[in-house]
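So you can see what is in the structure, the chains are spelled out below.
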Amino acid sequence: MGKSLAPANNSSNSTSTIMSLTWLALLVVAVALGGAQAGIGDVPADQAFLTKQREVLRLLNKVHEPNRYKEQVELGNAYEPVNSLPRYKNPAPVKQLVRLYRAGSLLPRGAIFTLFDDTHREQMILLFESLLYANDWETFLRTAAWARDRVNEGQFVYALCVAVLHREDTRGVVLPPPYEIYPHLFVNSEVIHAAYKAKMRQEPAVVHMNFTGTIRNPEQRVAYLGEDLGMNSHHAQWHMDFPFWWKEEEYGIPKERKGELFYYMHHQLIARFDLERLSNDLPFVEPLYWNERIKDGFYPQTTYRVGGEFPARPDNFAFHDLQNIKVQQMIDYTRRVREAISQQAVITETGDLYNISSPEGINVLGELVEPSTRSKHREYYGALHNYGHIMLGQITDPKRKFNMPPGVMEHFETATRDPAFFRLHKYIDNLFYEHKDLLPRYTVEELDLPGTTIEEVQVDPLETFFEYFDVDLLNALDDTEELPDVSIHARVRRLNHKPFVFSVKVNSDAERLVTVRVFLGPKYDWFGQEIPINDKRHYIVEIDKFVAKVNAGKTVITRKSSESSVTIPDRETTKVLTQKVEDAIAGKAQLTVNKDVRHCGYPDRLLLPKGRRDGMPFTLFVVLTDYEKDKVNDLPYDYDYGGSVSYCGTLGHRYPDAKPMGFPFDRRIDQDSFFTKNIYQRDVTITFKGSV
Ligand SMILES: [Cu+2]
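Bear in mind the structure is a predicted one, so any value in this text is a computation, not a measurement.

Here the focus is the packing of aromatic side chains. Counted by the stated rule, this structure contains 40 aromatic pairs. On the numbers, 5.0 Å between centres and 35° between planes, the contact of Trp238 with Phe242 is tilted. Phe242 carries the same exposure label as Trp238, and that label is buried. Summarising the aromatic geometry, the rings of Phe273 and Phe422 are spaced 3.7 Å apart at their centres and angled 5° between planes, so their arrangement reads as stacked.

Attention shifts here to the pattern of salt bridges. Summed over all chains, the structure comprises 48 salt bridges. The partner of Glu260 in a salt bridge is Arg257, and the shortest N-O contact between them spans 2.8 Å. For the salt bridge of Glu456 with Lys505, the shortest nitrogen-to-oxygen distance reads 3.7 Å. One end of the pair, Glu456, is in strand β6 (residues 452–459); the other, Lys505, is in strand β9 (residues 501–508), with 49 residues separating them in the sequence. What makes Glu456 partly exposed here is its relative accessible area of 29%. The partly exposed category is assigned to Lys505, whose relative accessible area is 31%. Through salt bridges with shared partners, a single ionic network connects Asp228, Glu467, Arg494, Asp570 and Arg605.

Two numbers describe how helix α6 (residues 153–166) lies on helix α10 (residues 229–241): the axes approach to 9 Å, and their chain directions differ by 65°. On the basis of the axis angle, α6 is roughly perpendicular to α10. Note on packing geometry: the crossing formed by α6 with α10 is right-handed. Residue-level contacts link Tyr158, Cys161, Val162, Leu165 and His166 of α6 to Gln237, His239, Met240 and Asp241 of α10. A breakdown of the residues in the contact of α6 with α10 according to their chemical character gives five nonpolar, three polar and one charged.

Within the fold, Ser503 resides in strand β9. Judged by its relative accessible area of 15%, Ser503 falls in the buried class. Setting aside residues up to four positions removed in sequence, Ser503 forms contacts with Glu456, Val457, Gln458, Val556, Ile557 and Thr558.

Moving on, we get to the coordination of the copper ion. Distances from the copper ion to its protein donors, namely His235 (NE2), His239 (NE2) and His266 (NE2), fall within the range 2.0 to 2.1 Å. Between consecutive donor residues of the copper ion, the sequence gaps follow H-x3-H-x26-H. With a gap of 31 residues between them, His235 in helix α10 and His266 in helix α12 (residues 258–279) connect regions that are remote in the sequence. The two residues His235 and His266 agree in class, both being buried.

The next thing to look at is helix α4 (residues 118–133). If you check α4, its first and last C-alpha atoms are 22 Å apart, about what 16 residues at 1.5 Å a residue would give, namely 22 Å. Burial within α4 is extensive, with 13 of its 16 residues counted as buried. By the N-cap criterion, in which a side-chain oxygen at the helix start approaches the backbone nitrogen of a residue two or three places on, α4 is capped by Asp117, the distance to Thr119 being 2.9 Å.

Among the structural elements, Lys436 can be located in helix α17 (residues 419–436). Given the relative accessible area of 1%, Lys436 is considered buried. Separated by 232 residues in sequence, Lys436 and Arg668 place their C-alpha atoms 7.8 Å apart. Discounting chain neighbours no more than four positions away, the residues touching Lys436 are Tyr263, Ile362, Pro660, Asp666 and Arg667.

What counts and how
- Residues numbered from 1 in each chain as written.
- Predicted model: local features only at pLDDT ≥ 70, side-chain atom pairs only at ≥ 80, totals over all residues.
- Heavy atoms only, no water.
- Phe/Tyr/Trp six-rings, centres within 6.5 Å; stacked < 30°, edge-to-face > 60°.
- Buried < 20%, exposed > 50% of the residue type's maximum accessible area, 1.4 Å probe, protein only.
- Salt bridge = Lys/Arg side-chain N within 4 Å of Asp/Glu carboxyl O.
- Helix = DSSP H or I, 4+ residues; strand = E, 2+ residues; numbered from the N terminus.
- Axes fitted to C-alpha atoms, helices over the stretch in contact; angles between N-to-C directions.
- Parallel < 35°, antiparallel > 145°, perpendicular 65-115°, else oblique.
- Left-handed = near helix turned anticlockwise from the far one by under 90°.
- Contact = heavy atoms within 4.5 Å.
- Nonpolar A, V, L, I, M, F, W, Y, C, P; charged D, E, K, R; others polar.
- Donors = N, O, S within 2.8 Å, 3.2 Å for Na, K, Ca; no water.
- Expected span 1.5 Å × (residues − 1).
- Polar contact = N/O pair within 3.5 Å; in protein donor to acceptor, adjacent residues only side chain to side chain.

Given below as structure tokens:
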């Protein structure tokens, strides 16, 4: 899943195949787990690791039904967590979890879980902590096997995945893609219906899926982005890597610059959405506000697995008071946050003022607005982002009169389907920029890299197209153990681009390591007017960031689009993953495991916006900075941290770039002094080459 800076293996099936020297050993090939090319962090998977990988895949198989793996069931039945308390670093959560289970107070299996519901979330956290605090793999597995058939499946999947991502002894374990664990959240009801029909006849089927809505709704032109499976997975995985409920000190696992990353990743999602809008002749997305009607409605046309449509929102709907969150509160929270921004200081719980005028201020603000558990004052500044999700999710049944299920905005897996997601985040992003715009412009000394000049940037023709992709619906359908699985897939349309290579010609007065930062921005706005750089910076998306060595004299740095630090390739399917693991356990193949494997990452396919048929002009920027000043640790300069650091940071390391995220476009720009010799811009054209 990760990418590396090592020479790439270009085999078309994206696995690395090492032919052995003897014919006898020909059957045993080494393949990388997770579908990635073999990278720097790859090591051979031993039997102990393979067993862990297999057990995790089994635990996540058909989670809506009772566990089919007898050994795991027996392990769970025989396990009594409260008799094994010394096996947990902190036994309190598991004790409490069992107490709630015995009292029948846990969210039942089959019920809809949402992270935004306090009770649902608190119970999920108890399970997560039980799994995290298990002293060893054995205890972890027993706890998970016990919970698999006793805890709500939504809570179980979320807690298990976050635990696997954060335990030292499960590093490198690959999780199935979320759209295969719960396909219902990713495909529409029509598809599920057709899939059931096929399943009843036990016939293999491929069901075509259309995007939500009709062409009479202009927003539908960009539904391919908001409803993209990879995009939704990226967003869901990001919130697993950086949960808002994370207790850093208690868990002993720091999440450095999490508030800043919250701002930056979401800012980039909106900027990317805006570039897609421009490509489709739509203006930039407008922020929403609490006392204004939401112009565009949304009909998700998606059904929960247990039944019940996701609630729809008609056009021109207004926000309403919910039982626990009032519209006026949201307005008050906003005013207080803006006050803090203009004063460049937030009020803490003890009534002190905490300065946010330094570059680190954005992190404090991110923690305040999301909010994370590190909010400087939760009561005073509230929970603008999280409550925003809830306000939108429950907008059509604010008094719970009709007991409607949670809306798409109440799951990270489905939130980006609703165009209001981008409007909510634009409103939040504007707050972040109110703050950023108060910071001083970068000085020429901060921007320049003396002695280093970019002479030229070349790039292949940039071309995009639509293609079809089949999603495995195996887990969407109830069945019985006696019936064999038949292959039923949903066929979705998705954006992709031709792989491209760019090269940067650098002239340097000395050998040095440079961070190469590559960005793409719009050239013209919706009215066809050229956008000045100081406005353009809001719509600039990061394409890549990597470290390269330049020699004294001229150096040409080349880089492939597939190596981008923003993206990950397609996730491996559960089926392929399972097969690889079984083959490796049986000794038929050798697996390599990447301990830095990432599940979070923007899809490689979406690296470029769609552009237009007749070619759409964009601006490409390349910025070189001094790696010696950017580096935060002593790892090799070309270490790739699993491949998707730009939007996803790392797991287990510091964010590997000391510069503010989005540098140098995150602050106001004076166009007369901005373009030092190490900052280069040129026009590029993105051409959309037809549809399927
Ligand atoms: Cu989000």
